[in-house]
Amino acid sequence: MKVKVNGMMCEHCEARVKKVLEAVDGIEDVVASREENMVTITASRAIDDATIKAAIEEAGYGFAGVVG
Ligand SMILES: [Cu+2]
């Protein structure tokens with residue numbers, strides 16, 4: 001799935017978002033792109049949007065919706 005994330009300014013932000021999302025049970029891989037304000041998530045099961053939103057917001061970034 002692809003999620004819009006606001007506030008990633010550098011590679012450290014990308015790494016932080018990747019880390020918090022990969023800590024979610026069922027999420028196997030995360031690719032974060034600050035250029036596109038996009039995070040691409042590969043998961044082994046369905047993950048609630050609310051779970052993703054909470055992880056992103058706890059890390060200090062903005063969840064701007066699931067786009068696909
Ligand atoms: Cu940063």
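Higher on the page you've got the structure.
Quick summary incoming for the structure in this document. Per chain, the residues get numbers from 1 upward, laid out in the order the sequence is written. Per-residue local features of the predicted model are confined to residues with pLDDT of at least 70, and side-chain atom pairs are confined, for both listing and counting, to 80 or more; whole-chain, interface and lining totals are unaffected and use all residues. To obtain the side-chain values, all non-hydrogen atoms of the structure were included, while hydrogens and water were left out.

Notes on the coordination of the copper ion
Here comes step 1: The donor set covers N, O and S atoms within 2.8 Å of the metal, switching to 3.2 Å for Na, K and Ca, and it leaves out water, so a site may look short of donors. The protein atoms that coordinate the copper ion are Cys-10 (SG) and Cys-13 (SG), at distances of 2.0 to 2.1 Å.
Here comes step 2: By relative accessible area, which is 10% here, Cys-13 ends up buried. Note on classification: 1.4 Å probe, protein chains only; a residue is buried when its accessible area is under 20% of the maximum for its type, exposed when over 50%, partly exposed between these limits.

Describing the nonpolar core
Here comes step 1: In plain words, nonpolar cores are sets of buried Ala, Val, Leu, Ile, Met, Phe, Trp, Tyr and Cys residues tied together by side-chain atoms within 4.5 Å. Within the largest apolar cluster, 19 residues are counted, with the highest numbers of intra-cluster contacts made by Met-8, Leu-21, Val-39, Ile-41, Ile-52, Ile-56 and Tyr-61.
Here comes step 2: Among the secondary structure elements, those contributing two or more residues to this core are β1 (2–6), α1 (11–22), β2 (27–33), β3 (38–43) and α2 (49–58).
Here comes step 3: The contact criterion used throughout is that any non-hydrogen atoms of two residues lie within 4.5 Å. The residues contacting Ile-52, other than those within four sequence positions of it, are Met-1, Val-3, Leu-21, Ile-41, Ile-47 and Phe-63. Put simply, DSSP marks the helices as runs of H or I at least four residues long and the strands as runs of E at least two long, and each gets a number from the N terminus on.

Focus on the environment of Glu-14
Here comes step 1: Positionally, Glu-14 belongs in helix α1.
Here comes step 2: Separated by 17 residues in the primary sequence, Glu-14 and Val-31 have C-alpha atoms spaced 8.1 Å apart.
Here comes step 3: Apart from the residues within four sequence positions on either side, Glu-14 is in contact with Met-8, Ala-32, Ser-33, Arg-34 and Glu-35.
Here comes step 4: Any pair of N or O atoms that falls within 3.5 Å is considered a polar contact. Within protein, one atom must be able to donate a hydrogen and the other to accept it, and sequence-neighbouring residues count only if both atoms are side-chain atoms. Within polar-contact distance, the side chain of Glu-14 engages the backbone nitrogen of Arg-34 at 2.8 Å.

Remarks on the pairing of β1
Here comes step 1: The alternating pattern of β1 places Val-3 and Val-5 on a buried face and Lys-2, Lys-4 and Asn-6 on a face that is not buried.
Here comes step 2: Here, any two strands with at least 2 DSSP bridges between them count as paired. Bridging between β1 and β3 involves three bridges; their strand directions are antiparallel. Opposite Val-3, over in β3, you have Val-39 as the bridge partner.
Here comes step 3: Pairing of β1 with strand β4 (residues 62–66) involves three bridges; the strand directions are antiparallel. Looking across to β4, one finds that Val-5 is bridged to Phe-63.

The values are spatial; any link to function lies outside them.
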